[in-house]
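Chain residues, written in single-letter form:
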Number of protein chains: 2
Amino acid sequence: MSQRVYNFGAGPAMLPTEVLEEVQQEMLDYQGHGASIIEISHRAPPFLEILEETEELFRRLSGLGSSHALFFMHGGAQMQFSAVPLNLIARKERQTAVYLITGKWGVLAEKEARKFGSTEIAVDGKSFDYRKIPAWQGTLNPETSYVHLTSNNTLYGTQWQKYPETGEIPLVSDSTSDILSRKVDYSRFGLVYAGLQKNLGPSGLALVLIRKDLLGLALPQTPKLLDYQLADEQRSLANTTSVFSIYVTLKMLRWMEKQGGVAVMEQRNQEKSQLLYEVLDGSEFYHAVANPGDRSICNVTFHLPDDKKENNFLEQSLKEGLYALKGHRDVGGIRASIYNSMPLEGVQALADFMRDFEGREG
Amino acid sequence: MSQRVYNFGAGPAMLPTEVLEEVQQEMLDYQGHGASIIEISHRAPPFLEILEETEELFRRLSGLGSSHALFFMHGGAQMQFSAVPLNLIARKERQTAVYLITGKWGVLAEKEARKFGSTEIAVDGKSFDYRKIPAWQGTLNPETSYVHLTSNNTLYGTQWQKYPETGEIPLVSDSTSDILSRKVDYSRFGLVYAGLQKNLGPSGLALVLIRKDLLGLALPQTPKLLDYQLADEQRSLANTTSVFSIYVTLKMLRWMEKQGGVAVMEQRNQEKSQLLYEVLDGSEFYHAVANPGDRSICNVTFHLPDDKKENNFLEQSLKEGLYALKGHRDVGGIRASIYNSMPLEGVQALADFMRDFEGREG
């Protein structure tokens, strides 16, 4: 077996080696049942126990209280781009939602919502190429069904530092790329959703947290498996869920708890991102994408002076075991995704490489 | 490690040990990339190669030609209960589909379709408790958008032996529980869909085969990720797919090819089911659920004289390493799901156990 690389991919993202080793060990026989967990019914006790512990552990790690339901749905964040308006746009007769757009995923979420109701764009970072998160100073029509934002913008490496106040109007967050990466009071949100494949586990599902009084508002044309009320009633099992995704997510949550929980994750993510921002700030060679006040602790993005140097950077970093650093095609440049599973050593290795590379080619 | 059981679960179902061993071996390092396949981007070459080979291999095994598109969608068969009407009900202005109902999944599919258009029930096995597949003698209104059936009914162990002729009207099949278990000319269907977790792989996705001229008919309110045209254009990657599900499915398809392909699968499934039907037919103790003319080669269902004997049967069979034989809660009794991965030896062990048990308790 070759050595494992430091994987800076934006998602599906790296997982702790310990987690993968456990998965490996159990692959043919889950806890003496004589079958792999992926061969066991989603309604059989071995999996029901996994599902229950996953919920409990997420609540413990996040501090989410009983005000909110928690369940998994098929399809990642983009399925939620449809599910959110289908379930919440009818909360007010005006059937209008406000979108705060700070990047590509916000653009797509707003576009999808227009299929099911009306939208208003109250913040649009487009004129800044999404390098900063514009301040929001407007007022909200009280007949707004919900306000939607993207908490962390993977492409540009920006992150909301302070969430807006929306009063009685439910705030909805696509938290795919920063869930459990820092301490957040999720109870203040009407709805939080997150595809699993960045901070939580393998791809395939989204985690949904919703304030219980917002259940039961779905439009009549909501596809059954996108109905939040049914998902809550059936506790993620309105049909056969992705057993493997939840199984690995549980191991990931256990790993986080063992490391010390979300406070420790946040501290490490601060430290990791700081290592890279220090290199960027001390350099005339690298150009950071994100506005300093909006910097993400999950994705660090930058450019080199030209394409040729960027390609050299990617080629040479790969040889050093630093994997998947290429920026998103919409932004170009370099992106280092440093989610919870990325160890400090990996980021240190990247920071060292950046300094060396600048010394050679800068 | 304990010995692996013979797993008769209806799905998520057993997988060949060879397949799981390969998954196990590669879990920390997929082919020298230094990362698990579940950590690698769905848009990176290692996964794109998997996706491409999966499609090619499915086409080769099934004989499906270029008339049909093939892609994966999130959510298993029940998500397709919504996707089918969303994508096809508008094929005719009348927006009406015909459902041939031969079991619980057909009931749920028809109910879901009513959200998006009108339905007509042309066959309904309910009066037979779904123990038989009623003959269909009606005629079809030419303005019917599509005709929907369930090819194999897992709960009762019935299976369509000869598909109905629907002329110009697209025939749609939920083939979740018998896809690639026998030779079927899928090209004659307008649309075939199948959750992966019975004959193909782990849970989480559905495979969709659709005649290309049926693409592009989706209702405007179709959620983005349920739009067949987009799924085809984006080749299953309109968003992050369940990488692991497709990865294991490819290994499963390779395994099928190595075994000799679908013809061999069908022959084995015939042989396996015959072993069990012989026991049932030779016994006054066991009572088969399915009408002999409609018997499934994928699920064999039967009752014992009373609940106590059924419970004894389940307890004792489990001790013999025969796992998950309990019938679906709607039907009760015993169900042996004997999909492609179930070896002949497992079925032989069950047949032997049945004879012994009858000898002891009959």
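Note that the coordinates shown come from a computational prediction; the quantities given were computed from them, not determined experimentally.

J.: Help me understand the interface of chain A and chain B in this model?
T.: Often, the extent of an interface is quoted as the loss of accessible area upon association of its parts. Counting from both sides, the interface comprises 61 residues of chain A and, opposite them, 61 residues of chain B. Around 5000 Å² of area is buried between chain A and chain B when both sides are counted, 58% of it from carbon and sulfur atoms. When the area that chain A buries against chain B is broken down by residue, the three leading residues are A:Leu28, A:Ile38 and A:Glu39, summing to 14%. Where chain A packs against chain B, one counts two salt bridges. A salt bridge links B:Glu39 to A:Arg4; the nearest nitrogen and oxygen atoms lie 2.9 Å apart. Counting residues per element, the side of chain A that touches chain B draws most heavily on helix 1 (residues 17-26) of chain A, which supplies six residues. Its residues assigned to classes, the side of chain A that touches chain B comprises 26 nonpolar, 26 polar and nine charged.

J.: In this structure, what is going on with the sheet that holds strand 12 (residues 299-303) of chain B? I would like to understand it.
T.: Remark on secondary structure: sheet strands pair via backbone hydrogen bonds, oriented parallel or antiparallel. Residues and elements named next belong to chain B. The strand order across the open sheet formed by three strands is 11-12-14, and the pairing between neighbours is antiparallel. Edge positions in the sheet fall to strand 11 (287-288) and strand 14 (334-337), since each has one partner strand and no second. Bridge count for strand 12 against strand 14 is four bridges, and the pairing is antiparallel. Bridging across to strand 14, Thr301 finds its partner in Arg335. Lying over the sheet, helix 7 (residues 262-281) contacts strand 11, strand 12 and strand 14, oriented at roughly 15 degrees with respect to strand 12.

J.: What exactly am I supposed to notice about the packing of helix 3 (residues 76-88) of chain B against helix 4 (residues 104-113) of chain B here?
T.: Axis angle and axis distance: for two packed helices, these are the angle between their axes and the distance between the axes, and together they describe the pair. All names here are of chain B. It is at 8 Å that the axes of helix 3 and helix 4 come closest, and there the two elements cross at 40 degrees. Put simply, helix 3 runs oblique to helix 4. Between helix 3 and helix 4 lies a crossing whose hand is right-handed. Residues Gln78, Phe81, Ser82 and Pro85 of helix 3 lie in contact with helix 4, whose contacting residues are Trp105, Leu108, Ala109, Glu112 and Ala113. A class-by-class count of the residues in the contact of helix 3 with helix 4 yields six nonpolar, two polar and one charged.

J.: Could you clarify how one ought to interpret the relation of the copies chain A and chain B in this entry?
T.: Rotating chain A by 180 degrees and moving it 0.0 Å along the rotation axis overlays it on chain B with an RMSD of 0.0 Å. When the rotation and shift are considered jointly, the pair of chain copies conforms to a two-fold rotation axis. In terms of proximity to the rotation axis, the leading residue of chain A is A:Gln24, whose C-alpha is 2.5 Å off the axis. Most of the interface of chain A is mirrored in chain B: 100% of its interface residues are interface residues there too.

J.: Mind showing me how you'd approach the sheet that holds strand 2 (residues 68-74) of chain B here?
T.: Residue and element names in this part refer to chain B. Read from one edge of the open sheet, seven strands run 2-10-9-8-5-3-4, paired in mixed fashion. Two strands close off the open sheet at either side, each with one partner strand: strand 2 and strand 4 (118-124). Within the sheet, the average angular offset between the axes of one strand and its neighbour, ignoring direction, is 20 degrees. Here strand 5 (residues 147-150) runs beside strand 8 (residues 171-174); their pairing, made up of four bridges, is parallel. Note that in strand 8 the partner of Leu149 across the bridge is Ser173. Its contacts with the sheet place helix 2 (residues 45-62) against strand 2 and strand 10 (205-211), and it is angled at close to 130 degrees to strand 2.

J.: Just checking my understanding: could you explain the nonpolar core for this structure?
T.: Within soluble globular proteins, side chains that are nonpolar tend to cluster in buried spots. A:Leu180, A:Phe244, B:Leu180 and B:Phe244 are the most contacted members of the largest nonpolar core, which has 118 residues in total. Core analysis: the second largest hydrophobic core is formed by 72 residues, A:Tyr130, A:Leu215, B:Ile101 and B:Ala109 among them.

J.: When you look at the domain arrangement of chain A in this model, what are you seeing that I'm missing?
T.: Residues and elements named next belong to chain A. As far as domains go, chain A holds domain 1 (18-258) and domain 2 (261-361). Taking only C-alpha atoms, the centre of domain 1 and the centre of domain 2 are 27 Å apart. Counting residues at the interface gives 26 residues for domain 1, matched by 29 residues for domain 2. The junction of domain 1 with domain 2 conceals about 2300 Å² of combined surface from both sides, 52% of it contributed by carbon and sulfur atoms. At the junction of domain 1 and domain 2, the tally comes to one salt bridge. Asp330 is the partner of Lys104 in a salt bridge, and the nearest nitrogen-oxygen pair spans 3.6 Å. Put simply, domain 1 and domain 2 have 15 residue pairs in polar contact (both at pLDDT 80 or more) between them. Residue assignment for the side of domain 1 that touches domain 2 shows that the elements contributing at least two residues are strand 7 (158-159) and helix 6 (243-259). Top contributing element to the side of domain 1 that touches domain 2 by residue count: helix 6, with four residues. Class assignment for the residues of the side of domain 1 that touches domain 2 results in nine nonpolar, nine polar and eight charged.

J.: Where do I start with the pattern of salt bridges in this structure?
T.: Note that side chains of opposite charge can pair when their charged atoms are close. Using the criterion set out here, one finds 31 salt bridges over all chains in the structure. In this structure, B:Arg254 engages B:Glu53 in a salt bridge whose closest nitrogen and oxygen atoms are separated by 2.9 Å. Here the residue B:Arg254 occupies a position in helix 6 (residues 243-259), and B:Glu53 occupies one in helix 2, the gap between them amounting to 201 residues. Taking the relative accessible area as the measure of exposure, B:Arg254 reaches 32% and is therefore partly exposed. On the accessibility criterion, B:Glu53 (29% relative accessible area) is partly exposed. By sharing partners, the salt bridges in this structure join A:Glu22, A:Glu26 and A:Lys251 into a single network.

J.: Can you help me understand unusual backbone geometry in this one?
T.: The omega torsion across A:Gly11 and A:Pro12 is -10 degrees, close enough to zero to call that bond cis. Even without being a glycine, A:Ala324 presents a positive backbone phi close to 65 degrees. Judged by its relative accessible area of 33%, A:Ala324 is partly exposed. We note that B:Asp129 has phi near 50 degrees; this positive angle belongs to a residue other than glycine. For B:Asp129, a relative accessible area of 53% translates into the label exposed.

J.: Explain the side chain of B:Ser245 here, please?
T.: Residues and elements named next belong to chain B. Mapped onto the elements of the fold, Ser245 is located in helix 6. A relative accessible area of 2% places Ser245 in the buried class. For Ser245, the contacting residues outside a window of four places in its chain are Leu196, Pro202, Ser203, Gly204 and Leu205.

J.: Honestly, the environment of A:Ile50 in this entry has me stumped. Any pointers?
T.: All names here are of chain A. On the secondary structure map, Ile50 appears in helix 2 (residues 45-62). Ile50 gets classed as buried once you look at its relative accessible area, which sits at 3%. Sequence separation between Ile50 and Tyr247 is 197 residues; the distance between their C-alpha atoms is 6.5 Å. Excluding residues within four positions of it along the chain, Ile50 makes contact with Tyr30, Ile37, Ile246, Tyr247 and Leu250.

The rules behind the values
- Residues numbered from 1 in each chain as written.
- Chains lettered and ligands numbered in written order.
- Predicted model: local features only at pLDDT ≥ 70, side-chain atom pairs only at ≥ 80, totals over all residues.
- Heavy atoms only, no water.
- Contact = heavy atoms within 4.5 Å.
- Buried area = accessible area lost by both parts, 1.4 Å probe.
- Salt bridge = Lys/Arg side-chain N within 4 Å of Asp/Glu carboxyl O.
- Helix = DSSP H or I, 4+ residues; strand = E, 2+ residues; numbered from the N terminus.
- Nonpolar A, V, L, I, M, F, W, Y, C, P; charged D, E, K, R; others polar.
- Pairing = 2+ DSSP bridges.
- Axes fitted to C-alpha atoms, helices over the stretch in contact; angles between N-to-C directions.
- Parallel < 35°, antiparallel > 145°, perpendicular 65-115°, else oblique.
- Left-handed = near helix turned anticlockwise from the far one by under 90°.
- Least-squares fit on C-alpha atoms with pLDDT ≥ 70 in both.
- Core = buried A, V, L, I, M, F, W, Y, C linked by side-chain atoms within 4.5 Å.
- Buried < 20%, exposed > 50% of the residue type's maximum accessible area, 1.4 Å probe, protein only.
- Domains from an automatic or database assignment.
- Polar contact = N/O pair within 3.5 Å; in protein donor to acceptor, adjacent residues only side chain to side chain.

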